[in-house]
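Listed here are the chains, written in short residue letters.
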Amino acid sequence: MSADTAPSTAAPRTNAVIRDILRGSVVTTILAFVIAFVVGGVLIAVTSAEVREAAGYFFARPGDTFAAIWDAVAGGYEALFRGAIYNTRADDFATGIRSLTNSIGYSAPLIAAGLGVALAFRVGMFNIGAQGQIIFGAAFAALITFPMGLSAPLQIVMTMLGAVVGGAVWAGIVGVLKALTGAHEVILTIMLNYVAVYLVTWMVSTAGVLQREGSNQPISEATPEAAIFPKLLGPQYPALDWGFVFVLLAAVFVYWLIERSSLGMRMRAVGENPHAARAAGVNVERIYVYAMLFAGGLAGLAAAQQIQGAVTSGFTSSIDAGFGFDAITVALLGRSRAFGTVAAGLLFGALKAGSYSMQASEGIPVDIVLVVQAVVVLFVAAPPLVRTIFFLPQTEQEKQAKQRARQARKAVAQ
């Protein structure tokens, strides 16, 4: 038989495509959610009073226990869907879709802060100071722009810019210190988080600074009416305002900056290898400063979402509402990409909106949703573990790492 007519022993092209798909990040991310929701279902069942009651006579009537487990888990996730996507118990479509608009609205500050953390990640910097940047951004905007008394369109823009500038200034301190002294950004951002909390606590507790006039409570003045974001789809959807549009524009800007601009190319080079970037003529220290300025500005945009949308009756030093640390999770889940961060923020916004419905209608603690989020991040950050659990094909890098480990054990044994 000639070489031309001999049967090919190479794997079919279809097999290679399927193997690449199963190795990809999309599949591992989806399976991470599967695991997270399974874990969440177990916790829902364990915390259900009906399940515990039925389990007390399991050996007499085991069907009751399984039925109670199904009712608890199915009811919990059905409530999550109703609160996050569409309320199937609503009288009409316009009312039912309010759940989706709530999810989108809740995601706006998460996306903005997540973009800031993701941008810093791309430059090789671990920015965990979004909390302080949000808090100081809100205080800076209130201090500088609230007294302006401008008309609605201009006041909205000025207040938003004030928050962005405030966040950029606070993060810029980290960038400058790292560039000048080499101090690690993790330590700097942690310390500045505390500084921001206590500084703004003093500001909202001191008359003549940010404290509400005539009040002895630590709270600021209410956001001026002219500075509040208008509702995007009308007053029947209160959680969704024009701030979300600005967040989407910010995501497009971050994508262009990192993926398409010359500055973004230098940022990515520094993130990959700062020593090689410096050898190629990149001013690494200046890139660190730029990265933190942009990251802080995006966290400041999250502050604007809060004081111009969600919390307009006055704020305290807890205005960040935990978004500063949730942003790290969003950026990790989004693989530090602009549109991936948008998708992750929308997902976390949906989980937040749905958790309220779970608690209100089924009595399920909100903490269950937090556990689901944590498990998602755990498995998204460990793709080899997901592939091992579901028996997916390993990547070439994983095979090489396993081969090196096997060789090392043989060398030690000899």
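Residues numbered from 1 in each chain as written. Predicted model: local features only at pLDDT ≥ 70, side-chain atom pairs only at ≥ 80, totals over all residues. Heavy atoms only, no water.

**Focus on the overall build of the protein**
Right, on to step 1. Counting its regular elements, the protein contains 18 helices and zero strands.
Right, on to step 2. Summarising its shape, the C-alpha atoms of the protein cover approximately 90 × 70 × 45 Å along the three principal directions.
Right, on to step 3. Residues classed as buried in the protein amount to 45% of the 414 residues present.
Right, on to step 4. In the protein, 70% of the contacts between residues at least 6 apart in sequence involve partners at least 24 apart.
Right, on to step 5. Accessible area of the protein: about 20400 Å², with a carbon and sulfur share of 66%. (Helix = DSSP H or I, 4+ residues; strand = E, 2+ residues; numbered from the N terminus. Buried < 20%, exposed > 50% of the residue type's maximum accessible area, 1.4 Å probe, protein only. Contact = heavy atoms within 4.5 Å. Areas by Shrake-Rupley, 256 points an atom, 1.4 Å probe, with all protein chains shown as cover.)

**Here's the deal with empty space enclosed by the protein**
Right, on to step 1. This model, assessed by the stated rule, comprises two cavities of 30 Å³ or more.
Right, on to step 2. By volume, the largest cavity is sized at about 60 Å³.
Right, on to step 3. As for the largest cavity, its lining consists of L115, A118, L119, R122, V254, Y255, I258, E259, S336, R337 and A338.
Right, on to step 4. Where the lining of the largest cavity is concerned, the elements lending two or more residues are α6 (98-122) and α10 (243-259).
Right, on to step 5. Taken together, the residues of the lining of the largest cavity sort by class into seven nonpolar, one polar and three charged.
Right, on to step 6. Roughly 30 Å³ of internal volume is contained in the second largest cavity.
Right, on to step 7. Lining the second largest cavity are F37, I44, Y77, L80, L351, M358, I368, V369 and V372.
Right, on to step 8. Mapped onto the lining of the second largest cavity, the elements with two or more residues apiece are α2 (25-47), α4 (62-84), α15 (338-362) and α16 (367-380).
Right, on to step 9. No other element matches the three residues that α16 contributes to the lining of the second largest cavity. (1 Å grid on protein atoms, 1.4 Å probe; cavity = no way out; pocket = protein on both sides within 12 Å on 5 of 7 lines; lining within 4 Å. Points joined across faces, edges and corners; volume = space filled by probe spheres on them. Nonpolar A, V, L, I, M, F, W, Y, C, P; charged D, E, K, R; others polar.)

**A look at the environment of G208**
Right, on to step 1. Tracing the backbone shows G208 in the loop between α9 (185-205) and α10.
Right, on to step 2. Residues G208 and G322, 114 residues apart in the sequence, show an inter-C-alpha distance of 28 Å.

**Quick word on the environment of P383**
Right, on to step 1. Structurally, P383 is set in helix α17 (residues 383-389).
Right, on to step 2. Here the alpha-carbon distance between P383 and Q394, two residues eleven residues apart in the chain, equals 9.6 Å.
Right, on to step 3. Setting aside residues up to four positions removed in sequence, P383 forms contacts with T28 and R335.

**Digging into the confidence of the model for the protein**
Right, on to step 1. On average, residues of the protein score 89 in pLDDT, and 93% of them reach the 70 mark or higher.
Right, on to step 2. Confidence scores differ between elements of the protein, with helix α1 (residues 13-23) showing the lowest mean pLDDT of 67 and α10 the highest of 97. (pLDDT = per-residue confidence, 0-100.)

**A look at the pattern of salt bridges**
Right, on to step 1. Taken as a whole, this structure holds six salt bridges when the rule is applied.
Right, on to step 2. Notably, a salt bridge pairs R82 with E78, separated by 2.9 Å at the nearest N-O pair. Residue R82 and its partner E78 are both found in helix α4; the two are separated by four residues, about one turn of the helix.
Right, on to step 3. Assessed through its relative accessible area of 29%, E78 is described here as partly exposed.
Right, on to step 4. Several salt bridges share partner residues, and in doing so they unite E78, R82 and R89 into one network. (Salt bridge = Lys/Arg side-chain N within 4 Å of Asp/Glu carboxyl O.)

**A look at α6**
Right, on to step 1. For α6, with 25 residues, the first-to-last C-alpha span of 35 Å sits near the 36 Å given by 1.5 Å per residue.
Right, on to step 2. When you tally the buried positions in α6, you get 22 out of 25 residues, the bulk of the element.
Right, on to step 3. Trailing α6 by a residue or two, G124 shows a phi angle of about 80 degrees, which is positive. (Expected span 1.5 Å × (residues − 1).)

**Digging into the packing of α4 against α6**
Right, on to step 1. Relative to each other, α4 and α6 sit at 80 degrees, their axes nearing to 6 Å. Considered as vectors, α4 and α6 are oriented roughly perpendicular to each other. Of the residues in α6, those touching α4 at R82, G83 and A84 are S99, L100 and S103.
Right, on to step 2. A breakdown of the residues in the contact of α4 with α6 according to their chemical character gives two nonpolar, three polar and one charged. (Axes fitted to C-alpha atoms, helices over the stretch in contact; angles between N-to-C directions. Parallel < 35°, antiparallel > 145°, perpendicular 65-115°, else oblique.)

**Here's the deal with the environment of F315**
Right, on to step 1. With respect to the helices and strands, the residue F315 is situated in the loop between α13 (284-310) and α14 (323-333).
Right, on to step 2. Considered as a pair, F315 and A138 are 177 residues apart in the sequence and their alpha carbons are 8.5 Å apart.
Right, on to step 3. If we ignore the near neighbours within four places in the chain, the residues touching F315 are A138, A139, A142, V200, V204, L210, I219, S220 and I307.

**Some words on the nonpolar core**
Right, on to step 1. Among the nonpolar cores identified, the biggest contains 90 residues, and L115, V270 and F315 are the most heavily contacted of them.
Right, on to step 2. Residues within four places of L115 in sequence aside, it is in contact with V247, A250, A251, V254, L298, A338 and T341.
Right, on to step 3. If you look at the next biggest cluster of nonpolar residues, it comprises twelve residues, including V51, A72, A79 and I368. (Core = buried A, V, L, I, M, F, W, Y, C linked by side-chain atoms within 4.5 Å.)

**Side note on a positive patch on the surface**
Right, on to step 1. A cluster of like positive charges, contributed by K402, R406, R409 and K410, occupies part of the molecular surface.
Right, on to step 2. Within the element layout of this structure, K410 appears in helix α18 (residues 396-413). (Patch = residues over 30% accessible without salt bridge, like charges linked within 9 Å, V, L, I, M, F, W, Y side chains within 5 Å. Lys, Arg positive; Asp, Glu negative; His and termini not counted. Charge placed at Lys NZ, Arg CZ, Asp CG, Glu CD.)

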